[in-house]
Amino acid sequence: MAAIYSLYIINKSGGLIFYKDYGLAGRMDTNDSLRLASLWHSMHAISQQLSPISGCSGIELLEADTFDLHCFQSLTGTKFFVVSEPGTQHMENLLKHIYELYTDYVLKNPFYEMEMPIRCELFDINLSQAIQKDRVAYLGR
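Residues numbered from 1 in each chain as written. Predicted model: local features only at pLDDT ≥ 70, side-chain atom pairs only at ≥ 80, totals over all residues. Heavy atoms only, no water.

A. Representation of the overall build of the protein. Tallying secondary structure elements over the protein gives three helices and five strands in all. Beginning at the N terminus, the succession of helices and strands in the protein can be written as β-β-α-β-β-β-α-α. Computed over C-alpha atoms, the radius of gyration of the protein comes to 15 Å, within 12% of the 14 Å expected from 2.2 N^0.38 for 141 residues, which places it in the range of a compact globule. Considered along the principal axes of its C-alpha atoms, the protein spans approximately 40 × 40 × 30 Å. The proportion of buried residues among the 141 residues of the protein is 38%. Taking the intrachain contacts of the protein between residues at least 6 apart in sequence as the baseline, contacts between residues at least 24 apart amount to 49%. Element-wise, carbon and sulfur atoms account for 56% of the exposed surface of the protein, whose accessible area totals about 8400 Å². For the protein, the distance from the average site of its 11 positive side-chain charges to the average site of its 16 negative ones is 4 Å. (Helix = DSSP H or I, 4+ residues; strand = E, 2+ residues; numbered from the N terminus. Rg over C-alpha atoms; globule rule 2.2 N^0.38 Å. Buried < 20%, exposed > 50% of the residue type's maximum accessible area, 1.4 Å probe, protein only. Contact = heavy atoms within 4.5 Å. Areas by Shrake-Rupley, 256 points an atom, 1.4 Å probe, with all protein chains shown as cover. Lys, Arg positive; Asp, Glu negative; His and termini not counted. Charge placed at Lys NZ, Arg CZ, Asp CG, Glu CD.)

What follows is the structure, given as structure tokens:
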């Protein structure tokens, strides 16, 4: 079984700019993935405002019975979140690595327009390799 079900990247205004499904179960349709990204952006923003801790950066982990949702927010407000199997460890490192890939292959691409959907072949290739390495490491544990 795969440790990662799906990956989402949301721009600072809450728009879904990247979605990739890695799960073996049924794939979500486009409308559902847009709704999930929008809902997560709103919940993240509300959690920042309601937190009793000043300077809180929002929800980083949401644990459910059938999945975990891990989130990393960059300094620019772009959110990267992974839906994974319950109890999956070390997703923070994977999310930071995905952010590095995003900065290297998307933001440095002269043809990419900020806040727009990501269409970059080098990003896709390197992302697939990173996810595959994470799966191998997960299965080896």
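B. Representation of the sheet that holds strand S3 (residues 61-63) in the model. Strand order in the open sheet made by the five strands is S2-S1-S5-S4-S3, with antiparallel pairing throughout. Each edge of the sheet is formed by a strand with only one pairing partner; in this case those strands are strand S2 (16-21) and S3. Neighbour-to-neighbour, the strand axes of the sheet open up by a mean angle of 10°, direction not taken into account. In the packing of helix H1 (residues 30-50) onto the sheet, contacts are made with strand S1 (4-10), S2, S3, strand S4 (68-73) and strand S5 (79-84), and the angle to S5 comes to roughly 115°. Of the strands in this sheet, S1, S2, S4 and S5 touch helix H2 (residues 91-107), which is tilted by about 135° from S5. (Pairing = 2+ DSSP bridges. Axes fitted to C-alpha atoms, helices over the stretch in contact; angles between N-to-C directions.)

C. Spotlight on the pairing of S2. Bridge count for S1 against S2 is five bridges, and the pairing is antiparallel. Counterpart to Ile 9 in the pairing with S2 is Phe 18. The turn joining S1 and S2, which pair antiparallel and follow one another in sequence, is formed by five residues; a positive phi near 95° is taken by Gly 14.

D. Layout of unusual backbone geometry. Positive phi values are uncommon outside glycine, yet His 90 reaches one of about 65°. For His 90, the position within the fold is in the loop between S5 and H2. When its relative accessible area of 43% is taken as the criterion, His 90 is described as partly exposed. If you check the backbone angles, Glu 115 has positive phi at about 70° while not being a glycine. By secondary structure assignment, the location of Glu 115 is in the loop between H2 and helix H3 (121-140).

E. Spotlight on the side chain of Lys 79. Positionally, Lys 79 belongs in strand S5. Despite its burial, Lys 79 remains without a salt bridge, the nearest opposite charge being carried by Glu 115 at 9.3 Å. A distance of 3.0 Å separates polar atoms of two side chains, one belonging to Lys 79 and the other to His 41. Apart from the residues lying within four places of it in its own chain, the contact partners of Lys 79 are Tyr 8, Ile 9, Ile 10, Trp 40, His 41, His 44, Cys 71, Phe 72 and Gln 73. (Salt bridge = Lys/Arg side-chain N within 4 Å of Asp/Glu carboxyl O. Polar contact = N/O pair within 3.5 Å; in protein donor to acceptor, adjacent residues only side chain to side chain.)

F. Fine view of the packing of aromatic side chains. A complete count under the given rule lists nine aromatic pairs for this structure. Between Tyr 8 and Tyr 19, the ring centres sit 4.8 Å apart and the planes meet at 40°, which makes this aromatic pair tilted. Separated by 11 residues along the polypeptide, Tyr 8 in strand S1 and Tyr 19 in strand S2 bring together distant segments of the chain. With respect to class, Tyr 8 is no different from Tyr 19; both count as buried. Both rings, one in Phe 80 and one in Tyr 99, keep their centres 5.6 Å apart while their planes meet at 75°; by these two values the pair is edge-to-face. Taken together, the residues Phe 80 in strand S5 and Tyr 99 in helix H2 connect sequence positions 19 residues apart. You can call Phe 80 buried: its relative accessible area is 0%. Among the aromatic residues, those joined into a ring-pair cluster are Tyr 8, Tyr 19, Trp 40 and Phe 81. (Phe/Tyr/Trp six-rings, centres within 6.5 Å; stacked < 30°, edge-to-face > 60°.)

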